[in-house]
Structure formats: C-alpha cells, structure tokens
Amino acid sequence: MKLLFATNNIHKVKEIRHALNRRITLVTLHDIGFEGDIPETGKTIKDNAVQKASFIHNHYRINCFADDTGLEIDALNGEPGVFSARYAGESCNFEDNIRKVLSAMRNQHNRKARFRTVIALILNDKLLTFEGVVEGMILYKKRGDSGFGYDPIFQPEGLNKTFAEISLEEKNKISHRATAIRKLSDFLAISC
Ligand code: IMP
C-alpha cells in the first residue's frame, strides 16, 4: 500500500520508514512534486496535524498522514505549543527559542512541561489521530549537545539527564514522536 507522509524532512521520513511495516510504501511531498507550503494555522498541535493531512488529502485524494509537535510549558500557559518552531520570531534558530524560554521561565518555580506529537492519518477517507506525550521539566540552564530544538533544556520524567544528554537510540525509546509513530505503526500493521 502506498502512503504519503506530508513532509520533506528526511530525518522524520527515515525514522518512520524504519518503524513501518514493509508492505507500506512511504512517499513524500517531494515524490509527488508538491513544493508549496502547507497551511498550519491551528490553535492546537492536533488541529495542525489534521489541517496538514486534510490539505494534502483534499488536493491529491491519497492515503496520507501528517505530524505536528510542540513543547507545552505549564507556567507559560502551554506556550510555545503550536509556535514551538518560531517562538522567537520568523527567522529564529533553536538557540533563540531556548533563550526566549529560559528568559520567560527565569522566575517561575513551576517547571512542568511536556512534548506532544500528534500524527493525523487519513486512510480510505477516514481520519484518525495518534498521540505521543512525554512529561518532564524545563531546566534553568542548557545541558548536553546532542539532539535538536529544545532538547538541552528538557529533562524527561524519571531521568536525571536532558534529551540532549542521551543518545538518539535512548531518546527514540521514550520520546513523544516515537510513541506516536509506534501507535501509527501498530494500527497500520493490523489494518493494511
Ligand atoms: P515539528 O512539528 O516536528 O516540526 O516541531 C516543531 C518544533 O518543535 C521544532 O522546530 C522544535 O523546535 C520543536 N521540537 C520538535 N520535536 C522536538 C524534539 O524531539 N526535541 C526538541 N525540540 C523538538
């Protein structure tokens, strides 16, 4: 079965291809010649994932899925949330985003936060969503140099290390994205 993943992020494609059943042929936006931007104007991570999958399905009428991820910090009322990628502005980088979070959290005692990934799948015209959440806390300073995004300031529950201090292999056992992917892959294994 052919299934389109609405992304051109090669790392995500690799991670998902590895998890999916061999009977599924994963194709990307590049493979179908789509070069534009997919709208992401939702108020929640789930809204955005559904919006992206629906956009591609409406245009190409193929089985497809899309993902969206965000860091939700309780003391910041769930921010950066849907704004995680560009929290510090349009052309910001990971460092800028971390600096903005650390500054906003400087006097906050409540450090609770979570990463949330939602994958929206449209299979035979039916919409399903799969969610992965990892609870943790925001540190006062960066620790570690592996990973990406907010990894150096996020310490998952039950570990004394940040996501940037563990290997990719360890992160993939517990991460929000890995959990959502596992749920998607288990569902596809019994449905396709
Ligand atoms: P996306 O929806 O997967 O593109 O993620 C949006 C933003 O969330 C990224 O640009 C990162 O800043 C952040 N993010 C997503 N996943 C992770 C992660 O595993 N670790 C740290 N930051 C992440």
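In the block above lies the structure referred to throughout.
Residues numbered from 1 in each chain as written. Predicted model: local features only at pLDDT ≥ 70, side-chain atom pairs only at ≥ 80, totals over all residues. Heavy atoms only, no water.

1. As for helix H2 (residues 45-60)
- In this model, H2 (16 residues) spans 23 Å end to end at C-alpha, consistent with the 22 Å of a helix rising 1.5 Å per residue.
- All buried positions along H2 are accounted for by Ile45, Asn48, Ala49, Val50, Lys52, Ala53, Phe55, Ile56 and His57.
- Looking at the buried side of H2, the elements it contacts are strand E1 (2-5), strand E3 (64-73), strand E4 (112-123) and strand E5 (126-138).
- Of the residues trailing H2, Arg61 is marked for its positive phi of about 55°. (Helix = DSSP H or I, 4+ residues; strand = E, 2+ residues; numbered from the N terminus. Expected span 1.5 Å × (residues − 1). Buried < 20%, exposed > 50% of the residue type's maximum accessible area, 1.4 Å probe, protein only. Contact = heavy atoms within 4.5 Å.)

2. Details of the pairing of E5
- In the sheet, E4 pairs with E5 via 12 bridges, with the strands oriented antiparallel. Bridged to Val118 within E5 is Glu131.
- Adjacent in sequence and paired antiparallel, E4 and E5 are bridged by two residues, among which Asn124 carries a positive phi angle near 50°.
- Where E5 meets strand E6 (residues 154-156), three bridges bridge the pair, whose relative direction is antiparallel. Bridging from a neighbouring strand, Ile138 pairs with Phe154 of E6. (Pairing = 2+ DSSP bridges.)

3. Digging into the sheet that holds E3
- Spatially, the six strands line up as an open sheet ordered E2-E1-E3-E4-E5-E6, and their pairing is mixed. The open sheet has two edge strands with one neighbour each: strand E2 (25-28) and E6. Neighbour to neighbour, the strand axes of the sheet diverge by 35° on average, direction disregarded.
- Sheet contacts for H2: E1, E3, E4 and E5; angle to E3, the most-contacted strand, approximately 160°. (Axes fitted to C-alpha atoms, helices over the stretch in contact; angles between N-to-C directions.)

4. A word on the site of the ligand
- Residues in close proximity to the ligand total 14 residues, the closest being Lys12, Thr69, Asp151, Lys171 and Arg177.
- Within the backbone of Tyr150, a nitrogen or oxygen atom sits 3.1 Å from a nitrogen atom of the ligand.
- Within the side chain of Arg177, a nitrogen or oxygen atom sits 2.9 Å from an oxygen atom of the ligand.
- Using a 2 Å cut-off from the grid points, one finds that the ligand occupies the largest pocket.
- When residues of the shell around the ligand are traced back to their parent elements, those giving at least two are E3 and helix H5 (176-191). (Near = heavy atom within 4 Å. Polar contact = N/O pair within 3.5 Å; in protein donor to acceptor, adjacent residues only side chain to side chain. 1 Å grid on protein atoms, 1.4 Å probe; cavity = no way out; pocket = protein on both sides within 12 Å on 5 of 7 lines; lining within 4 Å. Sits in = over half its atoms within 2 Å of the grid points.)

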